[in-house]
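Working through the structure, step by step
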Amino acid sequence: FFLINKYFERFNCTMEPSNDGGVVLSLFLMVAAISYALFSCIALYEQSAAPTAASKGATLRLLRKLSGAANLGNSLIHILLTVYMKANETNLSQYWLEERKLGGIEGPVGLAILNLAAAISALLHNKMTFPLYWNVFVACAGTLIPVVWLRFIKEGMACWPYEVVFIWFWIFAMELTAVSCSVTHFAIERSGCKEKAT
């Protein structure tokens, strides 16, 4: 982490910090509340649909659905980010000039497609192998690559437009839900395999 932080110190916020901390906190709390409501509804639906909600199978099914829903949500948010980027192609503000230096819409479009594939695998094909590998990769890569979450923490919350901060909080909520549900699904399924072997 020390080496990554040293590398990242070379990047400075090229814009003057202008965001109000209270507004950023409010955006975060809005995402947290909406995410909680959304995933609680999915959990309640699954519990009411399962004949025995306490069974391991029902828990695995719930985790698979939550992971798939989070990947689907992440795909939709990346599509929204792509549309927002296209709508601001001619915007000459400092933020958009810096963003265009980093690249175009290829990154968000690629992430939308891969997240959709993970959602389809989990929701329609009942397979968690690809979603597990994809979600763990996204969590690790996003944390370690300086232009992703480290940049958002250092620069984004202080300088970026509120709409972009809101979108990034959504991406965080979806990625966190997807990876935690995928890993938990894997751990429960793996413990069930060990129990059968003994």
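Structure's up top.
Read on for an overview of the structure. (Residues numbered from 1 in each chain as written. Predicted model: local features only at pLDDT ≥ 70, side-chain atom pairs only at ≥ 80, totals over all residues. Heavy atoms only, no water.)

A look at the overall build of the protein
- Counting secondary structure elements, the protein contains eight helices and zero strands.
- Tracing the protein from N to C terminus, the helices and strands come up as α-α-α-α-α-α-α-α.
- Buried positions account for 39% of the 198 residues belonging to the protein.
- Across the protein, every contact between residues at least 6 apart in sequence was considered, and the portion connecting residues at least 24 apart equals 73%.
- Entry remark: accessible area of the protein is about 11300 Å², with carbon and sulfur atoms responsible for 70%. (Helix = DSSP H or I, 4+ residues; strand = E, 2+ residues; numbered from the N terminus. Buried < 20%, exposed > 50% of the residue type's maximum accessible area, 1.4 Å probe, protein only. Contact = heavy atoms within 4.5 Å. Areas by Shrake-Rupley, 256 points an atom, 1.4 Å probe, with all protein chains shown as cover.)

Let's talk about a nonpolar patch on the surface
- A grouping of Leu72, Leu76, Ile79, Val83, Leu116, Ile120, Leu123 and Leu124 is seen on the molecular surface, where their side chains present a nonpolar patch of about 670 Å² in accessible area.
- Elements with a minimum of two residues in the nonpolar patch: α3 (56-87) and α5 (106-123).
- A total of four residues in the nonpolar patch trace back to one element, the largest contributor, which is α3.
- Position of Leu123 relative to the elements: it lies in helix α5.
- For Leu123, a relative accessible area of 31% translates into the label partly exposed. (Patch = residues over 30% accessible without salt bridge, like charges linked within 9 Å, V, L, I, M, F, W, Y side chains within 5 Å. Salt bridge = Lys/Arg side-chain N within 4 Å of Asp/Glu carboxyl O.)

Concerning the layout of surface pockets
- Empty space within the largest pocket amounts to approximately 680 Å³.
- Forming the walls of the largest pocket are 25 residues, and the residues nearest its centre are Gly107, Pro108, Leu111, Val148 and Trp168.
- At five residues, helix α6 (residues 129-144) tops the list of elements feeding residues into the lining of the largest pocket.
- Taken together, the residues that form the lining of the largest pocket break down as 17 nonpolar, five polar and three charged. (1 Å grid on protein atoms, 1.4 Å probe; cavity = no way out; pocket = protein on both sides within 12 Å on 5 of 7 lines; lining within 4 Å. Points joined across faces, edges and corners; volume = space filled by probe spheres on them. Nonpolar A, V, L, I, M, F, W, Y, C, P; charged D, E, K, R; others polar.)

Digging into the packing of α3 against α5
- At a minimum axis separation of 8 Å, α3 and α5 run at an interaxial angle of 160°. As judged from the angle between their axes, α3 and α5 are roughly antiparallel. Pair α3 / α5 crosses with left-handed handedness.
- Residue composition of the contact of α3 with α5, grouped by class: 14 nonpolar, seven polar and two charged. (Axes fitted to C-alpha atoms, helices over the stretch in contact; angles between N-to-C directions. Parallel < 35°, antiparallel > 145°, perpendicular 65-115°, else oblique. Left-handed = near helix turned anticlockwise from the far one by under 90°.)

Thoughts on unusual backbone geometry
- Residues other than glycine seldom take positive phi values, yet Asn126 does so here, at roughly 55°.
- When you line up the elements, Asn126 lands in the loop between α5 and α6.

Focus on the pattern of salt bridges
- Summed over the entire model, instances satisfying the criterion amount to four salt bridges.
- Glu89 is the salt-bridge partner of Lys86, the closest N and O atoms lying 2.7 Å from each other.
- The class for Glu89 is partly exposed, based on a relative accessible area of 45%.
- One salt bridge connects Arg151 with Glu99, and the closest N-O pair in it is separated by 2.4 Å. With Arg151 in helix α7 (residues 146-159) and Glu99 in helix α4 (residues 94-102), this pair connects stretches of sequence that are 52 residues apart. For the pair Arg151 and Glu99, one class covers both residues: buried.
- In the salt-bridge network here, residues are joined through shared partners; they are Glu99, Arg151 and Glu155.

Regarding empty space enclosed by the protein
- In the structure shown here, the tally under the stated rule is one cavity of 30 Å³ or more.
- Here the largest cavity defines a volume of roughly 30 Å³.
- Breaking the lining of the largest cavity down by element, the ones donating at least two residues are α3, α6 and α8 (162-197).
- Here the lining of the largest cavity takes three residues from α6, the largest share from any one element.
- Across the lining of the largest cavity, the residue classes break down as three nonpolar, four polar and one charged.

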